[in-house]
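In case you want the letters, here they are:
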Amino acid sequence: MVALDASDTGTAWALEVATPSSLADEEAWDRWRRLAETGAPIILAVPGGCGEIAERVSVLLGIRFG
């Protein structure tokens, strides 16, 4: 669990498991932006075959995922 308001200073990283539909979902993008604002590294797990789409989303959002 990750505190999106950055109140949990012990957060080492955030993990998000994406689906093909969440890669195109603006609500998921907003959540990823809020995660990025915490400064914690973000690991985005995506289904096989979705790596290129995930990279495009990361460039579009200006977020670097692990």
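First, a word on scope: everything that follows refers to the structure included in this document.

Rules used throughout
- Residues numbered from 1 in each chain as written.
- Predicted model: local features only at pLDDT ≥ 70, side-chain atom pairs only at ≥ 80, totals over all residues.
- Heavy atoms only, no water.
- Helix = DSSP H or I, 4+ residues; strand = E, 2+ residues; numbered from the N terminus.
- Phe/Tyr/Trp six-rings, centres within 6.5 Å; stacked < 30°, edge-to-face > 60°.
- Salt bridge = Lys/Arg side-chain N within 4 Å of Asp/Glu carboxyl O.
- Buried < 20%, exposed > 50% of the residue type's maximum accessible area, 1.4 Å probe, protein only.
- Arc of directions from axis to C-beta.
- Contact = heavy atoms within 4.5 Å.

## Focus on the environment of V17
Item 1. Among the structural elements, V17 can be located in strand β1 (residues 14–17).
Item 2. The sequence separation of V17 and V46 amounts to 29 residues, and the corresponding C-alpha distance is 6.3 Å.

## A closer look at the packing of aromatic side chains
Item 1. Scanning the entire structure with this criterion turns up one aromatic pair.
Item 2. Centre to centre, the rings of W32 and F65 are 5.7 Å apart; their planes meet at 80°, and the pair counts as edge-to-face. Placement of the pair is W32 in helix α1 (residues 26–37) and F65 in the segment after α2 (51–61), with a sequence separation of 33 residues.

## Re the pattern of salt bridges
Item 1. In the structure shown here, the tally under the stated rule is three salt bridges.
Item 2. Put simply, E52 and R56 hold a salt bridge, and the shortest N to O gap is 2.6 Å. Of this pair, E52 and R56 both sit in helix α2, four residues apart, which is roughly one turn of that helix. Taken individually, E52 and R56 each receive the classification exposed, so the pair is uniform in this respect.

## Observations regarding α2
Item 1. Listing the buried residues of α2 in full gives A54, V57, S58 and L61. Looking straight down α2, one finds its buried side chains confined to an arc of 100°; they lie on one side. In α2, those exposed residues whose orientation departs by more than 90 degrees from the buried face are E52, E55, R56, V59 and L60.
Item 2. Those residues of α2 that are buried are in contact with α1 and β2 (42–45).
Item 3. Directly after α2, the chain includes G62, whose backbone phi takes a positive value near 70°.

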